[in-house]
Amino acid sequence: MGKKKESISLIDTFSEFNELKNIDKTTLISVLEEAFRSVISRMYGTDENYDIIINPDKGDLEIWRNRTIVEEDQIEDPNLQISLAEALKIDDDFEVGEEVTDEVFLEHFGRRTILNLRQTLASKILELEKDNLYNTYIEKVGQIVTGEVYQIWKKELLLLDDDHNELILPKTEQIPRDFFRKGEHVRAVVARVENKNNNPKIILSRTSPVFLERLFEMEIPEINDGLITIKGIARIPGERAKVAVEAYDDRIDPVGACVGMKGFRIHSIVRELRNENIDVINYTANTNLFIQRSLSPAKVNSIIIKEEEQRAEVFLHPEEVSLAIGKGGANIKLASMLTGYTIEVFRDIDEVNEEDIYLDEFRDEIDGWVIDQLKKIGCSTAKNVLATDRERLIKEADLEEVTVDEILKIFKSEFEEEA
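Parameters at a glance
- Residues numbered from 1 in each chain as written.
- Predicted model: local features only at pLDDT ≥ 70, side-chain atom pairs only at ≥ 80, totals over all residues.
- Heavy atoms only, no water.
- Helix = DSSP H or I, 4+ residues; strand = E, 2+ residues; numbered from the N terminus.
- Contact = heavy atoms within 4.5 Å.
- Areas by Shrake-Rupley, 256 points an atom, 1.4 Å probe, with all protein chains shown as cover.
- Lys, Arg positive; Asp, Glu negative; His and termini not counted.
- Charge placed at Lys NZ, Arg CZ, Asp CG, Glu CD.
- Pairing = 2+ DSSP bridges.
- Axes fitted to C-alpha atoms, helices over the stretch in contact; angles between N-to-C directions.
- Core = buried A, V, L, I, M, F, W, Y, C linked by side-chain atoms within 4.5 Å.
- Buried < 20%, exposed > 50% of the residue type's maximum accessible area, 1.4 Å probe, protein only.

Draft legend 1. Examining the overall build of the protein chain more closely. Along its length, the protein chain carries 15 helices and 15 strands. If one aligns the C-alpha atoms of the protein chain with their principal axes, the spans along those axes are about 130 × 55 × 45 Å. Counted over contacts in the protein chain with a minimum sequence separation of 6, partners at least 24 positions apart contribute 58%. Per element, the accessible surface of the protein chain, about 23,600 Å² overall, is 46% carbon and sulfur. Charge separation in the protein chain, taken as the distance between the mean sites of 54 positive and 86 negative side-chain charges, equals 6 Å.

So, in structure tokens, the structure goes:
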């Protein structure tokens with residue numbers, strides 16, 4: 001009874017690991033056999049004459065020893081040989097030179113050996129599970145996975161996948177308006193897999209452009225089928241995104257296909273991203289045209305591109321400037337990210353009053369970086385600045401109140417002197 005109990009106890013331990021941690025049967029059997037052969041080798045000097053039969057499903061473990069029958073006075077190694085007298089007790093038909101196979105029970109190894117064996121195996125199984133987890137998820141980097149919220153912490157969420165593996169969704173990788181409850185299912189992309197000290201850590205992201213790209217692939221059949229290609233994505237998570245798409249077949253309207261009738265196709269993506277505003281634009285290799293499209297919905301009059309500086313100066317009618325910049329500068333920021341060009345917007349040169357003065361003429365009086373900040377919000381002349389609300393100059397140009405007041409004072413005095 002003790003023999004069978006020890007055997008089942010050991011196998012149960014490994015079956016639990018197999019069930020919870022998804023170790024395949026072949027690997028489990030291999031690990032078990034390797035461990036027992038190691039013990040046998042240490043005890044008897046060799047394991048070559050042993051057969052180990054393992055069946056994790058039934059909880060069976062059998063160890064059989066093969067020995068050659070010799071005369072009593074010829075025994076040199078009791079582990080490899082058995083006397084004829086002993087063999088005849090097993091079967092009275094045995095003769096010298098034949099092979100006897102008998103079962104060796106776990107209790108023969110001793111209690112301490114069995115405990116050590118159990119700990120070694122448990123450690124080995126855990127190590128294999130970590131390797132298995134790492135290998136599984138390193139192949140899933142860039143793919144969307146779903147996890148159930150298990151723990152909510154201040155700086156991160158702990159999710160569990162279908163196999164109860166732990167996944168981490170840091171606060172920094174969550175969309176600002178994300179809010180999850182325990183038990184809720186969350187979709188995210190596998191951003192990276194860390195493996196410090198053989199301890200895999202799977203990091204997810206909902207803010208990555210790759211997450212948006214995968215959502216497009218899932219929701220837009222033409223992208224999934226390769227008829228439409230995503231050429232670039234720029235995101236301010238939870239606020240706004242721009243996606244450049246291209247169709248290799250001229251008969252396909254890539255933007256229309258992605259948006260769908262009345263925005264039906266893109267609606268589920270917008271909802272997943274907490275109402276992130278998504279602009280889909282036609283990609284073109286023509287830099288000038290691509291920058292114009294990226295600044296949509298603003299209409300551009302003209303562009304001066306400075307290739308060596310990767311910079312573009314864009315000129316628009318005054319009423320288009322705020323559209324080009326967007327709320328909080330989001331539109332121009334995304335256009336720059338998407339095109340790879342630093343974009344500066346200016347009111348069209350034809351619109352400038354003859355009595356007005358370009359900001360660059362004040363560089364002797366005002367720091368250059370301050371003038372650059374003003375240009376970024378569409379102010380290219382002194383009168384542009386004077387016509388802009390003081391609070392907007394402070395917030396959108398990111399300037400100190402004292403600095404703004406000083407600038408306004410300089411510009412006002414300039415025009416008063418002229419008058």
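Draft legend 2. Fine view of the sheet that holds strand 13 (residues 302-306). Spatial ordering of the open sheet is given by 13-14-15, a layout of three strands whose pairing is mixed. In the strand order of this sheet, the two ends are held by strand 13 and strand 15 (342-347), each with one partner. Recorded for the sheet is a direction-independent mean angle of 20° between the axes of neighbouring strands. As paired elements, strand 14 (residues 311-316) and strand 15 share six bridges and run parallel to each other. For Arg 311, the partnering residue across the bridge sits in strand 15 and is Thr 342. Together, strand 13, strand 14 and strand 15 form the strand contacts of helix 9 (residues 287-294), whose direction differs from that of strand 13 by roughly 120°.

Draft legend 3. Quick peek at the sheet that holds strand 10 (residues 228-236). Strands sit in the order 10-11-12 across an open sheet of three strands; the sheet is mixed. Only two strands of the sheet have a single neighbouring strand rather than two, namely strand 10 and strand 12 (277-282). For this sheet, the mean inter-axis angle between neighbouring strands, taken without regard to orientation, is 20°. Summarising the sheet, strand 10 and strand 11 (residues 240-247) pair through eight bridges and their orientation is antiparallel. Directly across from Ile 236, in strand 11, lies its bridge partner Arg 240. Sitting on the sheet, helix 5 (residues 209-219) is in contact with strand 10, strand 11 and strand 12, with an inclination near 140° to strand 10. Across the sheet, helix 11 (residues 330-339) touches strand 10, strand 11 and strand 12, and the angle it forms with strand 10 is around 135°.

Draft legend 4. Looking closely at the pairing of strand 5 (residues 144-152). In this structure, strand 5 lies alongside strand 8 (residues 185-196), joined through five bridges in antiparallel fashion. By the bridge assignment, Thr 146 is partnered in strand 8 with Arg 187. Here strand 5 runs beside strand 6 (residues 156-160); their pairing, made up of four bridges, is antiparallel. Residue Val 149 lies in a different strand from strand 6, and its bridge partner there is Leu 159.

Draft legend 5. Region of the structure containing the nonpolar core. If you look at the biggest cluster of nonpolar residues, it comprises 37 residues, and the most contacted ones within it are Leu 295, Val 314, Ile 343, Val 345, Leu 374, Val 385 and Phe 411. Residue assignment for this core shows that the elements contributing at least two residues are strand 14, helix 10 (318-325), helix 11, strand 15, helix 12 (368-376), helix 13 (382-386), helix 14 (390-396) and helix 15 (401-418). Looking at this core, the element that brings in the most residues is helix 15, giving six residues. In this structure, Val 189, Ile 233, Val 243 and Val 245 belong to the second largest nonpolar core, which totals 23 residues.

Draft legend 6. Region of the structure containing unusual backbone geometry. Residues Ser 296 and Pro 297 are joined by a peptide bond in cis, for which omega reads 15°. For Pro 297, the position within the fold is in the loop between helix 9 and strand 13. You will see that Lys 262, though not glycine, has its phi angle at about 55°, which is positive. Secondary-structure assignment places Lys 262 in the loop between helix 7 (254-259) and helix 8 (264-272).

This is a description of form; function is not addressed.
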